[in-house]
Structures are given as C-alpha cells and as structure tokens.
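Here is how the chains run, residue by residue.
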Amino acid sequence: MANEIRQVVESVLGSQMTLQIWTSTYPPAFPFTPQDFSVGAVLPMMLYLFRWGNRRGKGQFAATYGADGPPTISSTVDRLISDGAIEGFDSASGRAILGDFLLTSIIENRRHSESHDEQVQRCFANHYYASWIDLPVSAANLRGVPEMVTALLSDQAEGDTIEPFAERGRYRVGARIQDNDLLRALAPATSTTGLKSDLRSDELDETVPLPLDQLLTVRLAQGCGEAPAKAVGRNNPGPIPNQRPIAVRAGENFRDDLLVFLDCYAGGGTMPRSALLQMLESAIAIGLTSILTGSVDIMNRWATSGVLPEVDEAPQFPLFFDCSSGSDPVLRATSEESGFLLRQALNRLPAILMHARLLDHYVRSESDIDRRKLPATSPDATAWLNLTGSLLNGSHEEARDARRHFARIARKLRDAAEEAGELELRMLLGEEGSDGDPGRALAEALSAAFTGSSSSGTERLNNFLSSALMIDEVNGLGKRRKVTLHQTRRKGQGRTGDALSFVMTNPVIEYLVHRHIRKTGKGRKERPLSYPEFLTILRERYGFYVDHAPPNLAVPSEVLQRNRRIFERRLRDLGLLAGVNDAERMKKIKWRYRAQQDAQVEGQPA
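### Things to note about the overall build of the chain
Then comes step 1: Broken down by element type, the chain carries 21 helices and 10 strands.
Then comes step 2: What you see for the chain is a C-alpha radius of gyration of 26 Å, in line with the 25 Å of a compact globule of 606 residues.
Then comes step 3: The proportion of buried residues among the 606 residues of the chain is 56%.
Then comes step 4: A separation of at least 24 residues holds for 69% of the contacts in the chain among residues at least 6 apart in sequence.
Then comes step 5: Looking at the chain as shown, the accessible area adds up to about 26200 Å², and 47% of this sits on carbon and sulfur atoms.

Here is the structure:
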C-alpha cells in the first residue's frame, strides 16, 4: 500500500520533487529528524564532533569487544581481562562485579536490560574517551541532535556547514582537546600531542589518578586503538550542518544555559561527575523540548499568517508541570490534559511542514524569482520562511501563480489516483474547484497520504517528543501511563493509549537551580534568586507552568497553590531553598554544589 501511493505521487510530481516532500522533517524549521533517539548518547557524540569536526563513521568497538557477535557486558569483561587492561577480576565473582560496574556506570544495554548477555547500545560520557566508543552503532540513530547542539555552541555566523579546524572561539570544532573548553573539562589528564587530524593523537597521562569509572572508560577506548573514522559516502555525509532551529529564542536560551552550566560546574571538580552527567542530560532534554514546542507554536502561526514572529515575541508552548510526580491525582490529570493539548498541536504540524516543503520546491524550481536574490536557509531560515510565507498569504506578486501551480498538481494527482485505483488518495484530494487555498489543501492531502502509507507521520513527532522529554527516566521531564480511551461493555476491554504528563525530577530541579543562580554575563557571578523569581523564570523562559494556569488551560486556584507548595517542599528537601519566615521574597534559592569560580576565589582547587 505504501509503495503504491508513493508511485502514484511520483508519477505526477517526478522523483526529485517527491524525494524532497515525501519526508517527515524540514531542516529550515528544525534541523533534526523527528524520530526516537537517546538523549544519553548525545554528549559522547558531541565530544566526537567537537574533536574531529566531522560526523562519526564506523569505529572498532564491535570488532574489539564483540566476540563473534554484538558486544555484550560478558564479552567486554572477557576482553578487558584477557588484554590485561584491568587486573584482579579473574574469578567468577570478580567478573560479575566488574560486569555490574560497567553496566551501572559506563555502558547501558539495549532496552535497559540488566543482563550481562544483552547487546550494549550506549556509553556514558564519564570521560572524553567515551567518544572513541562507537555506540550507538549508527550515528544516524541520534537523528541529527548532536549536530544541532554542536552548531549552537559553535555559533558560526555563516555557511551551510561548520568549518572544522578554524581557530576561533572557546568551543571551536575540530580542535585539540586543550583548545576546546568542553573537551578539556571532560578530558582530565588527556591532551592532543600530534596532528589534530590524527585518530591516535590523543594521549592520557598515566601518572595522573582517575576515578574508576573514568579509568575504565579510557581503557575501553584504548582497546579500540584509535578514534572512529569520519563518516564518508553519499548516504553518510560527514560535514556538520550549520543549521539553527526556527525557534531562535529557544535555541539561544539553550545555548546560554549550556554555556553557563559548563563554565561553572564542568571542569572544576566541585560537582561529582555522575551528578554532572545527569544534569547535563536534563539540560539537553529541557533545551530540545523547548525547541520542539517553540517550533510547533511558531510554525502554526506561520501557517496562519505567513509571517514568523519576532524573536522576542516568539511564543513558547505552555506546559503545566505536576510537581507531585503523579502522587496527586488532580495535578496528574491537569498535567495530562496539558500533554494532550501539546500532542494535538504536534498532530497539526506534519501538514504545515508539507506545505512549507511544497512552497520551498515551488520557489526554487517553478517560480520566476531571481535565484541570486533568494535568502539563505542556513544558519537561520527566518528570511526564507518569510519569503515562502508571502506566497502562502498572497502578499507576493507570484502568489497567484503558485496557487494555479498547486491546483494543476492536485488535478493531475486526482486523475492518476483514479486511474491507479487508489481511492483513499483520491478522497483525500477532494473535489476540484472547492473553496480555499489549493496549496494548503494539497499539503493536507499529501501529508495524510504520507502518514497513512508510512505508518508513521505524526507518530514520529510524538516519538521525538517522548525521547526529548526522557519519559520515565530518573532525570527526565515526563511520565507516561496507560489509560482507557474507549471503554466497551465488557469489563477489562477497550482501546487503551498513553497519557503524557510533565514532571520535575530531582536532577531537573537541581540543574535549573544551579544554572539560574549564576549570571549569564562575564564571570558567571552568583545572583540572589527568590522562590517567586525562580518560578517566573521557569514560566517565561521555558513555558513551564507551576503556580499559574497556562493560557490554553483552566486550572482552579487551589490546585495551583497546592502545586506551588509541593514544589517548595521538594526544593527544601533537596537543600535548594532557604527562608527565615513566610515572606515570599525571603525564600531564597541556594546552591548545593559550589561553582568553580567561587572555589578559585577562595583558593580551593577547581
């Protein structure tokens, strides 16, 4: 069924145009593939991108630790012991202890299995050398997320791709370890001694003691012999796209948050590495969620008016957070309603992106617009989308020609669908001469056809959202539970589905506190922050609602106050809130881990 519908579409549109529009993403809007991925695997890939300036290709981990099959904890332990990389674990109990340590601190199995015989799928970024371990096996499984975050941190002003080995900035791409602040912070006792492009030029100073989790990560990588090769080939392009999300404000906030947090806590040794990594994953989850939800609202406005909002006026989709983490049924139900509204907005996005791709193709291939004057789509596609939006809203001189073009395509598709007997596609296309924008109608029909034929469509966006939220993870932003959508007369039978709610896990709270207790400007100085001010930051910067009702949701005031009290109690329990009386302004947010700037001022090691 899927191939037949695509063949009909391709017979009318041609292979080139079909290839461009028959997809679920649109890089000028958001530069990632909307499918599931693992946030925990993003940081090691970022370390590789920053070090080598290229996407990662195939490495040696599977061949080294696989033992004639996919690598497992057991096969990895066997290789470590046989190579003499680590001593004292030769006995059966020793192997079990080493395997458990690997599984809990360094490597994660597929489907989070605790078995020693399950295939391993990711490596924690305890040390820079985790970037030498090519997990996941295919870099494409991370859906372009590490590339987008790397481009945000690099902040290259121009160009379609990131220029490697350029001598610029603190987060330069394709740099020696000692020349990049992120690499240096996560690579203690390690430096680049040879050519920057030599896959064996990174060296560890063996005289410097390392914690066991970092040392084992280094030994695993050293067993591979060298860093993975760079990606090559037509279907596996190596250059890093220099593309920012259309949610510019959310992207800038994400970049500022990461820079402040890394500057204050990554390299000073004041925060335990396990806590740092958990909070960094939470930071990435918050940033990706904000970018996705911000893009949803922005593209919905573009679909209505054809004009993108100004950066300072860009909306942030409101999310109501259940601070009880599901223990309060009323708060949970309210948050689940907020999750339902977000999923509704996500379900409208595929048709909007299809319309954007159709207009994109028209401008490039069919219009009379001077190609030399077309705005760039990277690193920022705002001007480009405003151009295609002017065709959408009719303000451009070629808007009428575009409407006639899409009307002709729709007519040809109807005829081809009837001839091929594809009645579903024919029905989606509607009748000729109906009122409305033919481009919008064509986009909705093609989007519905793609969704049905690929058994994905909106599901891919929902999978990306679930991954970005790190649903049901100890440091994630969401929870999911099975609910009955349609009950039948027979008890226990009916259609079930997932209800999504938004929660503040402890690492998320700790990250937000430690990030916002430091100033953005030079020196990253500490700033006084009251509890009400902290709630305002969550609401205005991220769209995270705790004690206010979101604009799209009615919430009783007593429910909001209860949520506020629960959140306050959790902050106190974590040691992140102090107050000498009941005055709201006297309730002050405080840190648990000292920033390295403060430690250096007081003469402590940092």
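### Looking at the packing of helix 10 (residues 248–265) against helix 18 (residues 506–516)
Then comes step 1: Two elements in contact, helix 10 and helix 18, have axes whose closest approach is 9 Å; the angle formed by their N-to-C orientations is 85°. In terms of their interaxial angle, helix 10 and helix 18 are classed as roughly perpendicular. Counting all contacts with helix 10, which are made through Asp-256, Asp-257, Val-260, Phe-261 and Tyr-265, the residues of helix 18 involved are Tyr-511, His-514, Arg-515 and His-516.
Then comes step 2: Among the residues making up the contact of helix 10 with helix 18, the classes are represented as four nonpolar, two polar and three charged.

### Overview of the nonpolar core
Then comes step 1: Counting residues in each nonpolar core, the largest one holds 184 residues, and the members touching the most others are Trp-302, Met-504 and Phe-567.
Then comes step 2: Ranked by residues supplied to this core, first place goes to helix 11 (residues 273–305) with 17 residues.
Then comes step 3: Here Met-504 is in contact with Phe-321, Asp-322, Ser-325, Ile-509, Leu-512, Leu-538, Phe-544, Val-546, Phe-567 and Arg-570, once residues within four sequence places are set aside.

### With respect to the layout of surface pockets
Then comes step 1: For the largest pocket, the calculated volume is near 1300 Å³.
Then comes step 2: Lining the largest pocket we find 42 residues, and of these Ser-38, Glu-108, His-112, Arg-122 and Glu-473 sit closest to its centre.
Then comes step 3: When residues of the lining of the largest pocket are traced back to their parent elements, those giving at least two are helix 6 (92–105), strand 1 (107–109), strand 2 (120–123), helix 11 and helix 17 (458–469).
Then comes step 4: If you tally residues by element for the lining of the largest pocket, the top one is helix 11, at four residues.
Then comes step 5: Considered as a void within the structure, the second largest pocket measures approximately 840 Å³ in volume.
Then comes step 6: Considering the residues around the second largest pocket, the lining is formed by 19 residues, among which Thr-25, Pro-27, Thr-33, Arg-55 and Pro-237 are closest to the centre.
Then comes step 7: Here the residues of the lining of the second largest pocket are counted per class, giving nine nonpolar, seven polar and three charged.

### Here we look at helix 13 (residues 382–392)
Turn by turn, an α-helix covers 3.6 residues, leaving residues three or four places apart pointing in a common direction.
Then comes step 1: Burial runs high along helix 13: eight of the 11 residues are buried.
Then comes step 2: The set of residues buried in helix 13 consists of Trp-384, Leu-385, Leu-387, Thr-388, Gly-389, Ser-390, Leu-391 and Leu-392.
Then comes step 3: Looking one or two residues beyond helix 13, the residue adopting positive phi is Gly-394, at roughly 85°.

### Quick notes on the pattern of salt bridges
A pair can form between side chains of opposite charge whenever their charged atoms are brought close.
Then comes step 1: Applying the stated criterion to the full structure yields 34 salt bridges.
Then comes step 2: One salt bridge in this structure joins Asp-181 and Arg-184, with 2.6 Å as the shortest N-O distance. Separated by three residues within a single helix, Asp-181 and Arg-184 lie in helix 8 (residues 181–185), roughly one turn from each other.
Then comes step 3: Within this structure, Arg-170, Asp-181, Arg-184, Asp-263 and Arg-524 form a network of salt bridges that share partners.

Cut-offs applied
- Residues numbered from 1 in each chain as written.
- Predicted model: local features only at pLDDT ≥ 70, side-chain atom pairs only at ≥ 80, totals over all residues.
- Heavy atoms only, no water.
- Helix = DSSP H or I, 4+ residues; strand = E, 2+ residues; numbered from the N terminus.
- Rg over C-alpha atoms; globule rule 2.2 N^0.38 Å.
- Buried < 20%, exposed > 50% of the residue type's maximum accessible area, 1.4 Å probe, protein only.
- Contact = heavy atoms within 4.5 Å.
- Areas by Shrake-Rupley, 256 points an atom, 1.4 Å probe, with all protein chains shown as cover.
- Axes fitted to C-alpha atoms, helices over the stretch in contact; angles between N-to-C directions.
- Parallel < 35°, antiparallel > 145°, perpendicular 65-115°, else oblique.
- Nonpolar A, V, L, I, M, F, W, Y, C, P; charged D, E, K, R; others polar.
- Core = buried A, V, L, I, M, F, W, Y, C linked by side-chain atoms within 4.5 Å.
- 1 Å grid on protein atoms, 1.4 Å probe; cavity = no way out; pocket = protein on both sides within 12 Å on 5 of 7 lines; lining within 4 Å.
- Points joined across faces, edges and corners; volume = space filled by probe spheres on them.
- Salt bridge = Lys/Arg side-chain N within 4 Å of Asp/Glu carboxyl O.

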